[in-house]
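# A look at the structure
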Amino acid sequence: GALVYQYPRRTICKSGTSMRMECQAVGFQATSVAWYRQSPQKTFELIALSTVNSAIKYEQNFTQEKFPISHPNLSFSSMTVLNAYLEDRGLYLCGAREGISNERLFFGHGTKLSVL
Amino acid sequence: QQQVRQSPQSLTVWEGETAILNCSYEDSTFDYFPWYHQFPGESPALLIAIRPVSNKKEDGRFTIFFNKREKKFSLHIADSQPGDSATYFCAASEDYAQGLTFGLGTRVSVFP
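Conventions and cut-offs
- Residues numbered from 1 in each chain as written.
- Chains lettered and ligands numbered in written order.
- Predicted model: local features only at pLDDT ≥ 70, side-chain atom pairs only at ≥ 80, totals over all residues.
- Heavy atoms only, no water.
- Helix = DSSP H or I, 4+ residues; strand = E, 2+ residues; numbered from the N terminus.
- Buried < 20%, exposed > 50% of the residue type's maximum accessible area, 1.4 Å probe, protein only.
- Contact = heavy atoms within 4.5 Å.
- Areas by Shrake-Rupley, 256 points an atom, 1.4 Å probe, with all protein chains shown as cover.
- Lys, Arg positive; Asp, Glu negative; His and termini not counted.
- Charge placed at Lys NZ, Arg CZ, Asp CG, Glu CD.
- Pairing = 2+ DSSP bridges.
- Axes fitted to C-alpha atoms, helices over the stretch in contact; angles between N-to-C directions.
- Polar contact = N/O pair within 3.5 Å; in protein donor to acceptor, adjacent residues only side chain to side chain.
- Core = buried A, V, L, I, M, F, W, Y, C linked by side-chain atoms within 4.5 Å.

## Looking at the overall build of chain A
Within chain A one finds zero helices and eleven strands. Seen in sequence order, chain A has helices and strands lined up from the N terminus as β-β-β-β-β-β-β-β-β-β-β. Judged by the C-alpha coordinates and their principal axes, chain A covers about 40 × 25 × 25 Å. Relative to its 116 residues, chain A shows a buried fraction of 47%. Partitioning the contacts of chain A with sequence separation of at least 6, the portion at a separation of at least 24 is 54%. When the accessible surface of chain A is split by element, carbon and sulfur atoms take 49% of a total near 6,000 Å². Taking the average place of the 12 positive charges on the side chains of chain A and the average place of its 8 negative ones, the gap between the two points comes to 7 Å.

Here it is in structure tokens:
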């Protein structure tokens, strides 16, 4: 079956430092990967969408300078939160889609980021 | 501005009743409307989705009703079971391949 693993599950970083999180598709080739953040008391906000053979598209309020993403192959994506501050805390979810026509987005369990 | 509005925030129903969850949207370019459910400790999973070519989509006990003119869509959970207790999120996007805009979620509790 299709699975999406995210690592680490939880992490704590000091204010002003950076944190890298990883997303791996297992059992399928992820043609697109979307990163979301769920902040406390909020819903899932789309950070960026990475599609094979296309540039990574960032949503308003999120930039490549702050959340650089690497998507080197169809199975792996990583995102770094640079200079993390209190407002960056939350659950970061990776959603991966298999194939071109498959509408189903498989989510990982997320990386919970706490900032001290 | 919340582009996808969801209500109620929480919902309690008895086993066997129909739970009704509502969503509305602003962006006329949205063309794909999925519902995801999330059980405690689990990641969100796609439950059912609809495109505006239809105004109704059924999958077992789950039905989406869609009203394009009013920009509203709802999820009906018929014959609710305790195992349906979860948080349900509606979402929308221009295309299923695009990123999703989620509602705030509805926490559904089904009591036996």
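## Points about the pairing of strand β7 (residues 69-73) of chain A
All names here are of chain A. In this sheet, strand β8 (residues 76-81) lies alongside β7 in antiparallel orientation, the contact comprising three bridges. In the strand pairing of β8, Asn73 is matched with Phe76. Here β7 folds back onto β8, and the loop between the two strands holds two residues.

## Re the sheet that holds strand β1 (residues 4-7) of chain B
Residue and element names in this part refer to chain B. Spatially, five strands are ordered β1-β3-β8-β7-β6 in an open sheet, and the strand pairing comes out antiparallel. Among the strands making up the open sheet, the edge pair consists of β1 and β6 (56-59). The sheet shows a mean angle of 15° between the axes of neighbouring strands, direction not considered. Direction of pairing for β6 relative to strand β7 (residues 62-67): antiparallel, over a ladder of four bridges. Each bridged residue has a counterpart across the sheet, and for Asp59 the counterpart in β7 is Phe62.

## Some thoughts on the side chain of Ser80 of chain B
Residue and element names in this part refer to chain B. Position of Ser80 relative to the elements: it lies in the loop between β8 (72-77) and β9 (86-92). Residue class for Ser80 comes out buried when judged on its relative accessible area of 1%. Here the side chain of Ser80 touches Ile77 through a polar contact of 3.3 Å, landing on its backbone oxygen. Beyond its immediate stretch of four places on either side in the chain, Ser80 contacts Val13, Trp14, Glu15, Gly16, Glu17, Thr18, Ala19, Arg61 and Val110.

## Quick look at the nonpolar core
Residue and element names in this part refer to chain B. Counting 25 residues, the largest nonpolar core has Leu21, Phe33, Trp35, Phe73, Leu75 and Tyr88 as its most contacted members. Elements that contribute at least two residues to this core include exactly β2 (10-14), β3 (19-25), β4 (33-38), β5 (45-50), β7, β8, β9 and β11 (106-111). Each residue touching Phe73, except ones within four places of it in the same chain, is listed here: Leu21, Asn22, Cys23, Tyr25, Phe33, Trp35, Ile64, Phe65, Phe66, Cys90 and Ala91.

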